[in-house]
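# Overview (structure and organization)
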Amino acid sequence: MPDTPAATQRARVRVPLRFHDGYSVDAELVTFHGLVDGQEHVAVVLGEPAPGSVPLVRLHSECLTGDAFGSARCDCGPQLREAVERIAATGGVLLYLRQEGRGIGLYNKLDAYALQDQGLDTYEANAALGLPEDDRDYTSAAQMLRALGITSLDLLSNNPDKAEQLRDLGIDVQHRVPTGVFTTPHNVRYLRAKVLQTQHTLPLASLTGLSAV
């Protein structure tokens, strides 16, 4: 386990969350001092775990196009909406991480979209731009969890790399819980690439038979 400096909680504020489909829940947003990457990541604390249980946690990478604008080219917005409700029901935390475009940034992500329109998949497009397929590092996420007193959790994610990185950082990931499958004609190639390139736990059979638009 790397020797990572401790982060501390900076502020906590209650925020009522309201989604476009009418779902609402009260959350507590937590900010931090001392995160190693210097980014303004936020923890969204939802519900209360039952006695003796571990919290359900999601590491959600920021996606302006999907989270805010409802883009159908990815599944980020529906995953965010699902995660908030599932975590609120069982008690836990959503870490909203400022890692747009799997860490390459918004402008580069949009450049990669243009290459995807020419036939490359999401990972090939990053490589064509001379960028990593996935440039995310979850050291700050581990710092945030420890600052919240969380060292053991169930991870809401289809991505095995998130669980592996957290375990390498000393966080006890007891179970990796898959998210739903949010398929549109616009994101099916993107989701298939996740399965084939980075072993996301999505049912590949359900991602066939749809045409990319």
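The rules we used
Residues numbered from 1 in each chain as written. Predicted model: local features only at pLDDT ≥ 70, side-chain atom pairs only at ≥ 80, totals over all residues. Heavy atoms only, no water. Core = buried A, V, L, I, M, F, W, Y, C linked by side-chain atoms within 4.5 Å. Buried < 20%, exposed > 50% of the residue type's maximum accessible area, 1.4 Å probe, protein only. Helix = DSSP H or I, 4+ residues; strand = E, 2+ residues; numbered from the N terminus. Contact = heavy atoms within 4.5 Å. Polar contact = N/O pair within 3.5 Å; in protein donor to acceptor, adjacent residues only side chain to side chain. Salt bridge = Lys/Arg side-chain N within 4 Å of Asp/Glu carboxyl O. Expected span 1.5 Å × (residues − 1). Pairing = 2+ DSSP bridges. Axes fitted to C-alpha atoms, helices over the stretch in contact; angles between N-to-C directions.

### With respect to the nonpolar core
Membership of the largest hydrophobic core comes to 26 residues, with the highest contact counts inside it found for L59 and L95. Only strand 2 (24-33), strand 3 (42-46), strand 4 (56-61), strand 5 (92-97), helix 5 (139-147), strand 6 (152-156) and helix 6 (160-168) provide two or more residues apiece to this core. Top contributing element to this core by residue count: helix 5, with five residues. Each residue touching L95, except ones within four places of it in the same chain, is listed here: V42, A43, R58, L59, H60, A141, M144 and L145. Counting 14 residues, the second-largest nonpolar core is a separate cluster that includes V25, L46, V84 and I87.

### Things to note about the side chain of N159
On the secondary structure map, N159 appears in the loop between strand 6 and helix 6. On the accessibility criterion, N159 (4% relative accessible area) is buried. Only 3.0 Å separates the side chain of N159 from the backbone nitrogen of D161, close enough to count as a polar contact.

### Side note on the pattern of salt bridges
This model, assessed by the stated rule, comprises eight salt bridges. With its nearest N and O atoms 3.0 Å apart, the salt bridge here joins E62 to R98. Here R98 lies in the loop between strand 5 and helix 3 (106-116) and E62 lies in the loop between strand 4 and helix 1 (64-68), a separation of 36 residues in the sequence. The class of E62 is buried, set by a relative accessible area of 19%. Close ionic contact of R81 with E85 constitutes a salt bridge, the shortest N to O distance being 2.8 Å.

### A look at helix 2 (residues 76-90)
The terminal C-alpha atoms of helix 2 lie 21 Å apart, and with 15 residues this matches the ideal 21 Å at 1.5 Å per residue to within 8%. By the burial criterion, the buried members of helix 2 are C76, G77, Q79, L80, R81, E82, A83, V84 and I87. Looking one or two residues past helix 2, G91 carries a phi angle of roughly 95°, positive in sign.

### Details of the environment of L29
With respect to the element layout, L29 can be found in strand 2. Linking L29 and V15, residues 14 residues apart in sequence, is a C-alpha distance of 6.8 Å. Discounting chain neighbours no more than four positions away, the residues touching L29 are A11, R12, V13, V15, V42, A43 and V44.

### Focus: the sheet that holds strand 6
In a beta sheet, neighbouring strands are held together by backbone hydrogen bonds and run either parallel or antiparallel to one another. Taken together, seven strands build an open sheet; the order of strands is 1-2-3-5-4-6-7 and the sheet is mixed. Edge positions in the sheet fall to strand 1 (8-18) and strand 7 (172-177), since each has one partner strand and no second. With strand direction ignored, the average angle separating the axes of adjacent strands in the sheet is 30°. The pairing of strand 4 with strand 6 spans two bridges and is parallel.

Note that all results are geometric; they support no functional claim without further evidence.
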